[in-house]
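# Secondary and tertiary structure notes
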Amino acid sequence: MSKRIGYAAGAYDLFHVGHLNILKRAREQCDYLIAGVVSDEMLELTKNLRPTVPLAERLEIVQSIRYVDEAVVESVPDKLETWRQVGFTTFFKGDDWRGTEKGERLEREFAAVGVEVVYFPYTANTSSTVLRRALELIEELAARPD
């Protein structure tokens, strides 16, 4: 029986229970879990998003999670290139990709090299996007004159 190496990529910005749930579920389904922490440059390139928490801090947070065996910086947009660099057997992704053109392409590309794609549901009512919007509203209110 071969070792199942999992890979769970994310920005892990404004770390919250949804991130923890993904890492916990991923670790339950593999022997060794690698968390890919997306670099600031990649977030800006792929999502036009500047992270709130700097990469070095996000990397330290994720590496400190007990479910994570190793944390690496994800610095290329091509998931197959990441696979070549990291060498995982299972790729964990949020279920918002399931059934989409990007998700189906990812599944085809990974199937060709023997990598299984496993989807996880997002934790309801918790997301970095919602937290980021709340912070922006707080900043707007704080900037208003009395």
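## Brief notes about the overall build of the protein
- Scanning the protein from N- to C-terminus turns up six helices and five strands.
- For the protein, the N- to C-terminal ordering of α and β elements is β-α-β-α-α-β-α-β-α-β-α.
- Computed over C-alpha atoms, the radius of gyration of the protein comes to 16 Å, within 12% of the 15 Å expected from 2.2 N^0.38 for 146 residues, which places it in the range of a compact globule.
- Considering the protein as a whole, with its 146 residues, one finds that 38% of them fall into the buried category.

## Comments concerning unusual backbone geometry
- You will see that tyrosine 12, though not glycine, has its phi angle at about 50°, which is positive.
- Its place among the elements puts tyrosine 12 in the loop between β1 (5–10) and α1 (17–28).
- For tyrosine 12, a relative accessible area of 3% translates into the label buried.
- The phi dihedral of asparagine 48 falls on the positive side, at around 50°, and the residue is not glycine.
- Examined against the element boundaries, asparagine 48 turns out to sit in the loop between α2 (40–47) and α3 (55–63).

## As for helix α4 (residues 79–86)
- All buried positions along α4 are accounted for by Lys79, Leu80 and Thr82. Angularly, the buried residues of α4 cover 155° about the axis, an arc narrow enough to put them on a single face.
- For α4, the elements touching its buried residues are β1, β3 (70–74), β4 (90–94) and α5 (101–112).
- Where α4 starts, the residue carrying a side-chain oxygen 2.9 Å from the main-chain nitrogen of leucine 80 turns out to be aspartate 78.

## Topic: the side chain of glutamate 74
- The topology assignment puts glutamate 74 in strand β3.
- Under the relative-accessibility criterion, glutamate 74 is labelled buried at 4%.
- If we ignore the near neighbours within four places in the chain, the residues touching glutamate 74 are Tyr7, Ala9, Gly36, Val37, Val38, Ser39, Met42, Lys79 and Thr82.

## So, the packing of aromatic side chains
- Applying the stated criterion to the full structure yields seven aromatic pairs.
- With a centroid separation of 5.1 Å and an interplanar angle of 50°, the aromatic rings of phenylalanine 91 and phenylalanine 110 are classed as tilted. A residue pair is termed long-range when its members are at least 10 positions apart, and phenylalanine 91 in strand β4 and phenylalanine 110 in helix α5 qualify at 19 residues. The same class applies to phenylalanine 91 and to phenylalanine 110, which are both buried.
- Measuring from centroid to centroid gives 5.3 Å for phenylalanine 92 and phenylalanine 120, while their planes differ by 10°, and the two rings are stacked. Here phenylalanine 92 is found in strand β4, whereas its partner phenylalanine 120 is found in strand β5 (residues 116–120), with 28 residues between them in sequence.
- Judged by its relative accessible area of 2%, phenylalanine 92 falls in the buried class.
- An aromatic cluster is built from Tyr7, Phe88, Phe91 and Phe110, whose rings are joined through pairwise contacts.
- Note that lysine 93 overlies the ring of tryptophan 97, its terminal NZ or CZ placed 4.3 Å from the centroid.

About the cut-offs
Residues numbered from 1 in each chain as written. Predicted model: local features only at pLDDT ≥ 70, side-chain atom pairs only at ≥ 80, totals over all residues. Heavy atoms only, no water. Helix = DSSP H or I, 4+ residues; strand = E, 2+ residues; numbered from the N terminus. Rg over C-alpha atoms; globule rule 2.2 N^0.38 Å. Buried < 20%, exposed > 50% of the residue type's maximum accessible area, 1.4 Å probe, protein only. Arc of directions from axis to C-beta. Contact = heavy atoms within 4.5 Å. Polar contact = N/O pair within 3.5 Å; in protein donor to acceptor, adjacent residues only side chain to side chain. Phe/Tyr/Trp six-rings, centres within 6.5 Å; stacked < 30°, edge-to-face > 60°. Lys NZ or Arg CZ within 6 Å of the ring centre and 35° of its normal.

Interpretation note: all reported values are geometric properties and have no functional meaning in isolation.
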